Amino acid sequence: MSENNSFLVFSGTNTRYLAEKICASLGCPLGNLVVTKFSDGEFAVSYEESIRGRDVFLVQSTFPNSDNLMELLLMIDAAKRASARHIIAVIPYFGWARQDRKDKPRVSIGAKLVADLLSVAGIDRVITMDLHADQIQGFFDVPVDHLYASGVLLPYLQSLHLKDLVIASPDVGGSKRANTYAKYLGCPLVLCNKTRARANVVATMQIIGDVKDKNVVIVDDMVDTAGTITKAADIMKEAGAKTVRACASHCVMSGPASERVQNSALEEIIFTDSIPYSHRSAKVKQLSVADMFAETIRRVVDNESISSQYLV
């Protein structure tokens, strides 16, 4: 790899756990950045070492609350004003991604707004993983390296050696992702058709396909309140599934999610560590994406292709 003094890695407050693992994989120290908080909730960031002429990688997922996004914006602005050569935002979980279009009148497109904020702040590149919709890459006018959690999730699923395996999508919108997993693993695909009463509330759900006496793995990009995925698991179990597991890239797991997962028919649910998870459930397993992001950073620094990292 290029000399370590050509780049530096810094982290926001709430993604430090992942940034430390990324730096351990890269064999470099985590940069020294201080976040000063004021009593009214405002905060300021400052780099405690010179970053002039360096490639600066800023690791921060923009999960709620919005302080995480604001912290990243201030980190970018401070790096720009400190004469960093290139500023690369490493965003394992890109928040507001569900607002990627106008799905009803008079609503904002939050994902585009966040992309614009990051661009105006001064980023030169984005490295992210499993955006809610692939086309969000087009909201940026800078290069986007879009990684896939399948790089860590698929090897884990293969390690289970499940017979009569079926991959399921919890809704029609996720069918492309689930179909990719099914093709790679060489197994059938099952779909769930759901209707929503309102945001985060599922009204009805039907299974399209056969799950009787099968080991089912439900594939999704994120789990928020876990209403959809637990309802799908319960319905599949009632339809005769032998076991039901789930895997998703981002462990949002808000509100009653942990309790719902614990009380559901799910054997286990597998996430990456793109978001910290504190409300522990014995059924939740997290796999680290630190090595994947570290390798991508190394290749960006060395101007190498990252496409060979993709399993599917």
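Computed from a predicted structure; not experimentally measured. Numbers given to residues run from 1 along each chain, matching the order in which its sequence is written. Per-residue local features are limited, in this predicted model, to residues with pLDDT of at least 70; the limit for side-chain atom pairs, both in listing and counting, is 80 or more; totals at the level of whole chains, interfaces and linings are taken over all residues. Think of the side-chain values as coming from all heavy atoms in the structure, minus any hydrogens and water.

Participant: Mind showing me how you'd approach the sheet that holds strand S4 (residues 55-59) here?
Facilitator: Through backbone hydrogen bonds, the strands of a sheet pair up, either in parallel or in antiparallel fashion. Strand order across the open sheet formed by 5 strands is S1-S4-S5-S6-S7, with parallel pairing between neighbours. With partners counted over all chains shown, the strands left at the sheet margins are strand S1 (7-11) and strand S7 (144-147), one partner each. Looking at each pair of strands side by side, their axes are set apart by 15° on average, direction ignored. As paired strands, strand S5 (residues 86-91) and strand S6 (residues 125-129) are joined by 4 bridges and run parallel to one another. Residue pairing across strands places Val90 opposite Ile127, the latter belonging to S6. Whether two residues are in contact is decided by their heavy atoms: any pair within 4.5 Å suffices. Throughout, an axis means a line fitted to C-alpha atoms (over the contacting stretch in the case of helices), and angles, computed between N-to-C directions, take values from 0 to 180 degrees. Every helix listed is a DSSP run of H or I at least four residues long, and every strand listed is a run of E at least two residues long, numbered separately from the N terminus. Across the sheet, helix H2 (residues 67-81) lies against S1, S4 and S5, angled at about 165° from S5, the strand it touches most. Across the sheet, helix H8 (residues 290-301) lies against S1, S4, S5, S6 and S7, angled at about 155° from S6, the strand it touches most. At least two bridges found by DSSP between two strands are what make those strands a pair.

Participant: What exactly am I supposed to notice about the domain arrangement of the protein chain here?
Facilitator: The extent of an interface is frequently quoted as the accessible surface area lost upon association of the parts. For each domain, the first and last residues come from an automatic or database assignment. Domain boundaries assigned for the protein chain yield domain 1 (5-146) and domain 2 (148-287). Each of domain 1 and domain 2 was reduced to a C-alpha centroid, and the two centroids are 28 Å apart. Across the boundary between the two partners, domain 1 contributes 15 residues, which contact 15 residues of domain 2. By buried area we mean how much accessible surface two parts lose on assembly, using a 1.4 Å probe and totalling the loss over both. Both sides together, the interface formed by domain 1 and domain 2 hides about 1,400 Å², and carbon and sulfur atoms give 52% of it. Considering only the surface of domain 1 that becomes buried against domain 2, Tyr93, Met129 and Asp130 emerge as the three largest contributors, covering 41% of it. Every case where a carboxyl oxygen of Asp or Glu lies within 4 Å of a side-chain nitrogen of Lys or Arg is listed as a salt bridge. Viewed at the interface, domain 2 and domain 1 are joined by 3 salt bridges. Between Asp273 and Lys21 there is a salt bridge; the shortest N-O distance is 2.6 Å. As used in this structure description, the phrase polar contact means that two N or O atoms lie within 3.5 Å; if the pair is within protein, one of them must be able to donate a hydrogen and the other to accept it, and residues adjacent in sequence are counted only when both atoms belong to side chains. Counting across the interface, domain 1 meets domain 2 through 11 residue pairs in polar contact (both at pLDDT 80 or more). It is helix H1 (residues 16-26) that contributes the most residues to the side of domain 1 that touches domain 2, 3 residues altogether.

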